[in-house]
Amino acid sequence: MNEIGEILKDARIEKGYTLDDLQQITKIQKRYLQAIEDGNTDILPGRFYMRAFVKQYADIVDLDGEELLEEHLTETSKEASEEFAENVNVVPTRTEGKQEGFLSDITEYLPMILIFLLVATIIVVIYFAFRQYNPAEESNPPMINEENTEQVAPAEDEEEEPEATDDEQEAEENTDEEEPEETEEEEEEQTISVSESSGSNTIYEIKGPHPEEQTVTLTANGGDSWVSVTVEGGDSDARLLTSGESLDMSFGADVTQVDIVIGNAPVTEVTFNDTELEYAPESSGVVRQDLQLQFVE
């Protein structure tokens, strides 16, 4: 790993980048970048993230990250395999002890559990049998007062509403037809369109009313992708999404710009307020993409 760090560091210096520059571009924390250059893998989140960080670092300094890892990571792979073998030897012993204790507890309390279930079943059967058979209700059928029924019927005929005249019917129809038109005029939908696109950079223009709470969601489907979302003058978040994971970023109606960086666009889906954003045609096939949402009144 030390050899990889030295190669990456030399390439970075040759490109004229600082660690702060790489942190801004890749959204990887500076302490992780420093650990890669120093060969200090202990502080990295894990082997999977180490490989992802090295690949992204190498791409920025125009190196082949996959080839670099294959050539210089043989020793690290051997150590990881030995550590995994040790963990496999330890885990079954603990699991076996827990299973034996659990089975012994069940065996000890099994008679009490069976008795409790039997008593509960008998109580439930008696309850439902009592509910289904009630002699009091059968001996006293409900009484129906036929005289009252006959007296109420004429009253309904006397209270019939008069039929509306032709003029009144036309006025009601005109009112019903006008109300939906006014509603349609008042409602205005939010529209999303591509205003500029060149290579891996795309600018989306969002017009119309902006809700008090708006959300951008990035979802990885069928692969892993490093993503970041930055709200102008607000919050930001960056992480490596594995297949099936999502990153949500919510913000208010006063935001004017949101910047999005996607490390693996072919497997990353972008939605804004539950509407999927289509990549620009000229950007198809580009793995890393920079998207910008601009909100216009």
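For clarity, every value in this text was computed on a predicted model and none was experimentally measured.

## A word on the overall build of the chain
- Scanning the chain for helices and strands turns up nine helices and 10 strands.
- Here the chain holds 297 residues, and 25% of them are scored as buried.
- Relative to all contacts within the chain whose residues are 6 or more apart in sequence, the contacts with residues 24 or more apart total 62%.
- Surface exposure of the chain reaches about 20,900 Å², of which carbon and sulfur atoms provide 50%.

## Things to note about unusual backbone geometry
- Positive phi values are uncommon outside glycine, yet Asp62 reaches one of about 65°.
- With respect to the helices and strands, the residue Asp62 is situated in the loop between helix H4 (47–60) and helix H5 (65–72).
- The class of Asp62 is exposed, set by a relative accessible area of 55%.
- One non-glycine residue, Asp274, lies in positive phi territory at about 70°.
- Relative accessible area serves as the criterion here: at 81%, Asp274 is assigned to the exposed category.

## Here we look at the packing of helix H2 (residues 19–26) against H4
- At a minimum axis separation of 11 Å, H2 and H4 run at an interaxial angle of 110°. Here H2 is positioned roughly perpendicular relative to H4, judged by the angle of their axes. Along the contact surface, H2 presents Leu22, Ile25 and Thr26, while H4 presents Gln56, Tyr57 and Ile60.
- Looking at side-chain class alone, the contact of H2 with H4 contains four nonpolar, two polar and no charged residues.

## Topic: the side chain of Ser225
- You can see Ser225 is positioned in strand S4 (residues 225–231).
- A distance of 3.2 Å separates a polar atom in the side chain of Ser225 from the backbone nitrogen of Asn264.
- Separated by 2.8 Å, the side chains of Ser225 and Thr268 make a polar contact.
- In contact with Ser225, not counting residues within four places along its chain, are Arg239, Leu240, Leu241, Ile262, Gly263, Asn264, Val267 and Thr268.

## Remarks on the layout of surface pockets
- By volume, the largest pocket amounts to about 470 Å³.
- Residue lining of the largest pocket: 17 residues in total, with Ala52, Lys55, Gln56, Asp59 and Gly263 positioned closest to the centre.
- Elements with a minimum of two residues in the lining of the largest pocket: H4, H5 and S4.
- Of the residues forming the lining of the largest pocket, the biggest block, seven residues, is contributed by H4.

Cut-offs used in this document
- For every chain, the first residue of the written sequence is number 1, and numbering continues from 1 along that sequence.
- In keeping with the predicted nature of the model, local features appear solely for residues at pLDDT of at least 70, side-chain atom pairs appear and are counted solely at 80 or more, and the whole-chain, interface and lining totals rest on all residues.
- Side-chain calculation: all heavy atoms of the structure are included, whereas hydrogens and water are not.
- In DSSP terms, a helix is any run of H or I states spanning at least four residues, a strand is any run of E spanning at least two, and both are numbered starting from the N terminus.
- Three exposure classes are used, based on accessible area relative to the maximum for each residue type with a 1.4 Å probe and protein chains only: buried under 20%, partly exposed in between, and exposed over 50%.
- Note on contacts: a residue pair is in contact if any heavy atoms of the two residues lie within 4.5 Å.
- Note on areas: Shrake-Rupley with a 1.4 Å probe; residue coverage comes only from the protein chains shown.
- Under this scheme, a helix contributes an axis fitted over its contacting stretch, all axes are lines through C-alpha atoms, and angles between N-to-C directions fall in the 0 to 180 degree range.
- If an angle is under 35 degrees, it is roughly parallel; if it is over 145, roughly antiparallel; if it lies from 65 to 115, roughly perpendicular; otherwise it is oblique.
- The classification used treats Ala, Val, Leu, Ile, Met, Phe, Trp, Tyr, Cys and Pro as nonpolar, Asp, Glu, Lys and Arg as charged, and all other residues, Gly among them, as polar.
- Two N or O atoms count as a polar contact when they lie within 3.5 Å, although within protein this holds only if one can serve as hydrogen donor and the other as acceptor, and sequence-adjacent residues are included solely when both atoms are side-chain atoms.
- Any residue with an atom within 4 Å of a point lines the site, the site being either a cavity, points on a 1 Å grid over the protein atoms alone where a 1.4 Å probe fits but cannot get out, or a pocket, an open set with protein on both sides within 12 Å along at least 5 of 7 lines.
- Grid points are joined across faces, edges and corners, and a volume is the space filled by probe spheres set on the points.

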